[in-house]
Amino acid sequence: MKSPLEIGGRRMPLLRWSVVRMLIGLPKLKRDWQVGDGREAALEAYVLANARPGDLDEAIRTVDEFCTERSMMMNVGDEKGEILDAAVRRCSPKLLLELGAYCGYSGLRLARAMPADARVVSVEYLQVNAQIARRIWEHAGVSDRVTAVVGTLGDGGETIARLRSEYGFDEGSVDFVFVDHDKDQYLSDLERIMSEGWLHAGSLVVADNVKFPGAPKYRDYMRETEGRTWRTIEHDTHLEYQSLLKDVVLESEYLGAAEQAF
């Protein structure tokens with residue numbers, strides 16, 4: 001039996017108050033990185049109560065269930081999550097950098113798709129979000145492979161210095177980057193990563209929400225540097241947990257310094 005939120009097998013968007021509440025509160029969300037109605041804490045409680053401890057697949061399923069049936073969240077979601085999964089598997093990375101942990105959902109997906117000996121370092125602006133993510137990762141049994149660092153790459157060098165000194169970020173060390181934080185910082189933070197020299201030829205950078213809410217400067221940059229610095233695939237998809245609002249995920253392969261001269 002289909003959910004009342006589905007027509008023709010596709011989920012109907014914008015029928016739940018949680019979706020409307022999120023859209024109305026976008027300015028606050030972009031400023032404070034929580035919706036403001038307690039849904040982030042409710043998600044944590046739901047996962048800890050309903051997912052079997054140590055079961056990564058179950059944790060992911062439970063987050064998706066909460067976001068589909070109870071409150072929409074601004075994580076990458078199940079549909080775009082499959083794009084993220086496939087990119088990680090193709091890359092087979094050892095060190096992954098995530099910008100924007102939020103409540104830890106994408107960290108779970110990264111941990112499931114990456115090799116067993118790989119690790120994710122997730123930079124999260126808000127301390128309370130990082131704490132929620134850590135507890136969900138611990139419950140899912142991946143806290144030894146996924147770490148949250150509170151800060152931003154644009155904080156004057158403090159977080160970048162920590163990544164270098166505490167987490168082994170060095171020349172050519174980063175194989176995969178997932179960008180899903182402040183859309184206005186997508187391009188500037190990518191430029192910071194490149195200036196640090198952390199990428200190598202073949203490193204992948206996946207960016208969510210490039211169409212909605214939108215990261216136009218980042219998208220324009222990838223188009224302008226296509227075939228020289230980057231090789232990009234644009235994935236047409238939908239905003240998380242609904243089927244009306246369109247979104248785009250960019251998957252960009254770094255071509256490396258040698259290729260940039262051609």
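Everything below is about the structure printed above this text.
Residues numbered from 1 in each chain as written. Predicted model: local features only at pLDDT ≥ 70, side-chain atom pairs only at ≥ 80, totals over all residues. Heavy atoms only, no water.

**Student:** Explain the overall build of the chain to me, please; I cannot follow it from the model alone.
**Tutor:** The helix and strand inventory of the chain stands at 12 helices and 9 strands. Contacts spanning at least 24 positions in sequence make up 72% of the contacts within the chain whose residues lie at least 6 apart. Just so you have it, the chain exposes about 11,400 Å², and 52% of that area is on carbon and sulfur atoms. (Helix = DSSP H or I, 4+ residues; strand = E, 2+ residues; numbered from the N terminus. Contact = heavy atoms within 4.5 Å. Areas by Shrake-Rupley, 256 points an atom, 1.4 Å probe, with all protein chains shown as cover.)

**Student:** Would you explain the environment of Y186 in this entry?
**Tutor:** You can see Y186 is positioned in helix α9 (residues 186-196). Those residues within four positions of Y186 in sequence are excluded, and the remaining contacts are V179, D180, H181, A207, D208, N209, A215 and Y218. Within the local environment of Y186, its side chain forms a polar contact with the side chain of K183, the two groups lying 3.0 Å apart. (Polar contact = N/O pair within 3.5 Å; in protein donor to acceptor, adjacent residues only side chain to side chain.)

**Student:** Just to check I follow, could you spell out the environment of G151 for this structure?
**Tutor:** Considering the arrangement of structural elements, one finds G151 in the loop between β5 (146-150) and α8 (158-167). Ignoring sequence-local partners within four residues, the contact set of G151 consists of V123, E124, Y125 and T159.

**Student:** What should I look at first to understand unusual backbone geometry in this one?
**Tutor:** Residues other than glycine predominantly adopt negative phi, and peptide bonds predominantly adopt the trans conformation. For the bond running from F212 to P213, omega is 0°, close enough to zero to count as cis. Checked against the element boundaries, P213 lands in helix α10 (residues 210-214). Of note in this structure, N209 is not a glycine but carries a positive phi near 60°. Relative to the elements of secondary structure, N209 occurs in the loop between β7 (199-207) and α10. One non-glycine residue, Y241, lies in positive phi territory at about 60°.

**Student:** What should I look at first to understand the pattern of salt bridges in this one?
**Tutor:** Under the criterion given, the structure shown has 21 salt bridges. Close ionic contact of K80 with E240 constitutes a salt bridge, the shortest N to O distance being 2.6 Å. Here the residue K80 occupies a position in helix α5 (residues 77-91), and E240 occupies one in the loop between β8 (230-238) and β9 (246-254), the gap between them amounting to 160 residues. For K80, a relative accessible area of 1% translates into the label buried. (Salt bridge = Lys/Arg side-chain N within 4 Å of Asp/Glu carboxyl O. Buried < 20%, exposed > 50% of the residue type's maximum accessible area, 1.4 Å probe, protein only.)

**Student:** Explain the side chain of D175 here, please?
**Tutor:** In this structure, D175 sits in strand β6 (residues 174-179). Although D175 lies buried, it forms no salt bridge, and the closest oppositely charged side chain, K94, sits 7.3 Å away as judged by the N-O distance. There is a polar contact of 2.8 Å between the side chain of D175 and the backbone nitrogen of K94. With near-sequence residues (within four places) excluded, D175 lies in contact with C91, P93, K94, L95, H200, S203 and L204. (Lys, Arg positive; Asp, Glu negative; His and termini not counted.)

**Student:** Quick question: what am I supposed to make of the packing of aromatic side chains here?
**Tutor:** How two aromatic rings sit relative to each other is given by the distance of their centres and the angle of their planes. This model, assessed by the stated rule, comprises 4 aromatic pairs. Note on F169 and W198: the rings are 5.0 Å apart at their centroids and 65° apart in plane angle, and the pair reads as edge-to-face. You can see F169 sitting in the loop between α8 and β6 and its partner W198 sitting in the loop between α9 and β7, a full 29 residues away along the chain. In this structure F169 comes out as buried when scored by relative accessible area, which is 1%. Ring plane angle 50° and centroid distance 5.1 Å describe the contact between W230 and Y254, whose orientation is recorded as tilted. With W230 in strand β8 and Y254 in strand β9, the pair connects residues that are 24 residues apart, well separated along the chain. Neither W230 nor Y254 differs from the other in exposure class; each is buried. (Phe/Tyr/Trp six-rings, centres within 6.5 Å; stacked < 30°, edge-to-face > 60°.)

**Student:** Please explain the nonpolar core as it appears in this structure.
**Tutor:** Counting residues in each nonpolar core, the largest one holds 45 residues, and the members touching the most others are L108 and F176. Contributing elements (two or more residues each) for this core: α3 (39-50), α4 (56-69), α5, α6 (105-113), α7 (127-140), β5, β6 and β7. Apart from residues no more than four positions distant in its own chain, F176 is found in contact with L84, A87, V88, C91, P93, L95, L96, L97, L110, L204 and V206. One finds L95, L99, V177 and Y186 within the second-largest nonpolar core, a separate group that totals 31 residues. (Core = buried A, V, L, I, M, F, W, Y, C linked by side-chain atoms within 4.5 Å.)

**Student:** What is the right way to look at the pairing of β9 in this model?
**Tutor:** For a regular strand, side chains alternate in direction, first toward one face of the sheet and then toward the other. When you tally the buried positions in β9, you get 7 out of 9 residues, the bulk of the element. Across 4 bridges, the pairing between β7 and β9 is antiparallel. Following the sheet pairing, A207 is matched in β9 by L250. The pairing of β8 with β9 spans 9 bridges and is classified as antiparallel. (Pairing = 2+ DSSP bridges.)

**Student:** Even after reading the chapter, I still don't get the pairing of β5, so can you show me in this structure?
**Tutor:** Examined bridge by bridge, strand β4 (residues 119-124) and β5 share 5 bridges and lie parallel to one another. In the strand pairing of β5, V123 is matched with V149. Taking the sense of rotation as the criterion, the β-α-β connection linking β4, α7 and β5 turns out right-handed. (Right-handed = clockwise from strand over helix to strand, strands pointing away.)

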